[in-house]
Each structure stands twice: as C-alpha cells, then as structure tokens.
Amino acid sequence: MNFHLRAAVRKFTVRFSVACIAAIAALIPMVATAKESRVCTARTTLRLSAPESSQGSLLLIDLKSAKPLAEMQGEWGGRSVPLWSGNAGENQRKGLLAVDLEKAPGEYELKITGQTAGGEKVLCKAMIAVRKGQFATEKLQVRKQFVEPSPEQIKRADEERQKLRDIFDRVTPERLWDGKFRIPLDGVTTGSNFGKRRILNGNPGSPHGGADLPGATGTPVHAAQRGRVVLAEELFFAGNTVVVDHGLGIYTFYGHLFEIDVKVGDTLETGAVLGKVGATGRVTGPHLHWGLTVERARVNPLQLVKLLENE
Ligand SMILES: [Zn+2]
C-alpha cells in the first residue's frame, strides 16, 4: 500500500466514522421521540405494567413524584381513570386503565392532570395502543326460551340491562377496597370463556363479559374484596345475581347463584360469603359467572387478581 492510498483509506475511515456518528446522532432523537410519547412535568414519572393493551385487559398505572401530590385526575379515551394513593403515600398514585372488551383497536391518549401539594401543576401524557383481543368463538345450544324470548322477556331483559348500566355509571368517589383481590371460589385458580364470542342456536350473541369459574352447586361464593352490595336479585339471563361496588367505578358481578346470602346496602369484607354456586339463568350447568367492570369497561377479573397481587 503506498502512502497515497494509505492516506485515502485513513481519510475514508475518518469520513466513515464521522458519518457513523452523524447516523447515531440522527438515531438518538428518534429513540427519544419513541420514549417521549410519555411526558411528565413537575418531576413526576409514569410507569405502566405493560407498554400496550388489548381488548378486555387492564394496565396498572404507577405515577411517582419527587414532591407530595394533591388531587389528581386521569382520563383515557373519554373515560376517567380510577387513581388512588400508593404505598409511597402522597408521592405516589396508582391507577387502573381498563380497556372494554369491544373497544375499537387503535391509539388513545392517557392524560393525568393535577397539582403538587405546593400548587405546582402536574401533567402526564402517554399514547397507549389497544390491540385486538384473542377470543375464541363458541357454538352453544340452549333452551329455546332464552334464544327466542317472548316480548315480556325481552322487555324484562332490556330493563335489567339498563339497571346494570345505571349501576356501573355511578362512581363511588371513595375507595372501598384495600389490598389485593381474591378469586371468589376457594381452591379455584383460573377461569375460562372471558371474551368468547358466542353463537347461540346458530345466532351470534354478545361476547361473554366475565370469567366462568368451575364449582358444584352449593359451593360458597366469596366477595373478591371489600365493598357494598348494590344488586342482589334474580335476572333473566344471569339468574340469581349479586353486584358489589368496590368504589372508584370498580364493580364485581357474581351470576347464576343457587342462592343469594346478602342484601342491597350490606358492606362485605373480603372473603365474606355472598351466595352459593348454582345454575340459575342462561346456563348449561352449575358454575360461577364472575365479572369485573371498571369505569363501565368490561375487563377480565382474573387479570385484576394478578395485577394487584403485591398490594
Ligand atoms: Zn359466564
């Protein structure tokens, strides 16, 4: 290699490394932009239990601040997000971002606003993607009266649906639960059918909004957490049903009960027996239909048990 060639190579190497630095420099803002879809002011940080969500799922929000926080509000896709003080007291807020089973996939902005105890404004923003849920389709044969209800039965079912909607619309401002949620049947660790699209006697029905837990008739059903009974009656589709309000827009639903052991207005502690497993309503056999609604979004209750495991 003569001198000139060596100089040319060196020159090329120098140029190449300069080009590399330029390319890396160009990459840095790109990486930062990807991270910057999550922005917080006033020395607060926002962490989520997963970077994106899917239909019927929950994300746990963890907001930490260098300064004590005063009142904070969360909003996502036009719905408010329940927030509460975490273990770090006033320097932390935890929250639940609930994605309804039928929410359209896409990107939605999470916005948390409020102020520190010293009056400084706090704003946190993040874009959160919703993916399509992976739900099975099931074909079921049930008694004809449930597929082709009479006009009176349709009227009854519509009224009951509206009654439930009105209940889930009400947000009790205080948190009635404390700590982790439990699965309502002793010894049961999993459930099935959440989100399943159902075809009843050949007709597509609405998606299955809860988890079905296995249990023999008469098995005690326990409250998943502390809360107040807001419904305890027989419904056309769900049979004997109990709904418990846990506060902050969080409700658990217990359906197809053989018997109801509580009444509206009762405050239940975690684990209190609220009824027995049965096969009342639209069912093919005894089991517990366990539902969870957070800010009107139908989500998988088994996921809440996992997410709040360490609370
Ligand atoms: Zn069910």
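Here the structure is a predicted model, which means the values were calculated and not measured. (Residues numbered from 1 in each chain as written. Predicted model: local features only at pLDDT ≥ 70, side-chain atom pairs only at ≥ 80, totals over all residues. Heavy atoms only, no water.)

S.K.: Just checking my understanding: could you explain the overall build of the protein for this structure?
M.R.: Scanning the protein for helices and strands turns up four helices and 22 strands. Residue burial in the protein is summarised as follows: out of 311 residues, 45% are buried. Partitioning the intrachain contacts of the protein with sequence separation of at least 6 by distance along the chain shows that 68% fall at a separation of at least 24. (Helix = DSSP H or I, 4+ residues; strand = E, 2+ residues; numbered from the N terminus. Buried < 20%, exposed > 50% of the residue type's maximum accessible area, 1.4 Å probe, protein only. Contact = heavy atoms within 4.5 Å.)

S.K.: Just to check I follow, could you spell out the coordination of the zinc ion for this structure?
M.R.: Angles at a metal have ideal values that depend on geometry: 109.5 degrees with four tetrahedral donors, 90 or 180 degrees with six octahedral donors. Surrounding the zinc ion are the protein donor atoms His208 (NE2), Asp212 (OD) and His289 (ND1), at 2.1 Å. Along the chain, the residues donating to the zinc ion are arranged with the sequence spacing H-x3-D-x76-H. With histidine 208 in the loop between strand S13 (203-204) and strand S14 (210-214) and histidine 289 in strand S21 (residues 287-294), this residue pair connects regions lying 81 residues apart in the sequence. Judged by relative accessible area, which is 6%, histidine 208 ranks as buried. Residue class for histidine 289 comes out buried when judged on its relative accessible area of 13%. (Donors = N, O, S within 2.8 Å, 3.2 Å for Na, K, Ca; no water.)

S.K.: How do you make sense of the environment of glutamate 159 when you look at a structure like this?
M.R.: Inspection of the secondary structure puts glutamate 159 in helix H3 (residues 151-169). In this structure, the C-alpha to C-alpha distance between glutamate 159 and leucine 235, residues 76 residues apart in sequence, is 10.0 Å.

S.K.: Where do I start with the layout of surface pockets in this structure?
M.R.: Where empty space is left in the structure can be found by rolling a water-sized probe over the atoms. Computed from the structure, the largest pocket encloses a volume of approximately 1400 Å³. The wall of the largest pocket is formed by 41 residues, among which Ser206, Pro207, Gly209, Phe237 and Arg282 lie closest to the centre. At the level of secondary structure, the elements contributing two or more residues to the lining of the largest pocket comprise strand S11 (137-140), helix H2 (144-147), H3, strand S12 (197-200), S13, strand S18 (250-260) and S21. Among the elements that make up the lining of the largest pocket, the one with the highest residue count is H3 (seven residues). (1 Å grid on protein atoms, 1.4 Å probe; cavity = no way out; pocket = protein on both sides within 12 Å on 5 of 7 lines; lining within 4 Å. Points joined across faces, edges and corners; volume = space filled by probe spheres on them.)

S.K.: Where do I start with the sheet that holds S12 in this structure?
M.R.: Note: strands within a sheet are paired through backbone hydrogen bonds, in either parallel or antiparallel orientation. The strand order across the open sheet formed by three strands is S11-S12-S13, and the pairing between neighbours is mixed. Edge positions in the sheet fall to S11 and S13, since each has one partner strand and no second. Here four bridges tie S11 to S12, and the two strands are oriented parallel to one another. Within the sheet, the bridge partner assigned to leucine 140 lies in S12 and is leucine 200. (Pairing = 2+ DSSP bridges.)

S.K.: Help me understand the side chain of aspartate 100, please; the structure alone is not making it clear to me.
M.R.: Within the secondary structure, aspartate 100 is located in the loop between strand S8 (89-98) and strand S9 (106-116). Leaving out residues up to four positions away in the same chain, aspartate 100 has contacts with Gln55, Gly56, Arg296, Ala297 and Arg298.

S.K.: Please clarify how H3 should be interpreted in this entry.
M.R.: Owing to its 3.6 residues per turn, the α-helix aligns residues three or four sequence positions apart on the same side. For H3, built from 19 residues, the straight-helix expectation of 27 Å at 1.5 Å per residue is met to within 8% by its first-to-last C-alpha distance of 27 Å. Every buried residue of H3 is accounted for by Gln153, Ala157, Glu160, Leu164, Ile167 and Phe168. For H3, the angular spread of the buried residues around the axis is 95°, confining them to a single face. Of the exposed residues in H3, the ones pointing more than 90 degrees away from its buried face are Pro151, Glu152 and Lys155. (Expected span 1.5 Å × (residues − 1). Arc of directions from axis to C-beta.)

S.K.: Where do I start with the sheet that holds strand S4 (residues 58-65) in this structure?
M.R.: With antiparallel pairing, four strands are arranged side by side in an open sheet as S2-S4-S8-S7. Each edge of the open sheet is held by one strand with a lone partner, namely strand S2 (44-48) and strand S7 (83-86). The mean angle between the axes of side-by-side strands here comes to 25°, regardless of whether they run parallel or antiparallel. When S2 meets S4, the two strands line up antiparallel, connected through five bridges. Directly across from threonine 45, in S4, lies its bridge partner lysine 64. (Axes fitted to C-alpha atoms, helices over the stretch in contact; angles between N-to-C directions.)

S.K.: Hey, could you run me through the pairing of strand S17 (residues 239-247) in this one?
M.R.: Along any regular strand the residues' side chains alternate between the sheet's two faces. S17 sits mainly inside the fold: nine of its nine residues count as buried. Pairing between strand S16 (residues 227-235) and S17: seven bridges, direction antiparallel. Residue pairing for S17: leucine 231 is matched across the bridge by valine 243. The pairing of S17 with S18 spans six bridges and is classified as antiparallel. Across the sheet, glycine 247 pairs through a bridge with isoleucine 250, a residue of S18. Where S17 hands over to S18, the hairpin turn is made up of two residues, of which leucine 248 adopts a positive phi near 60°.

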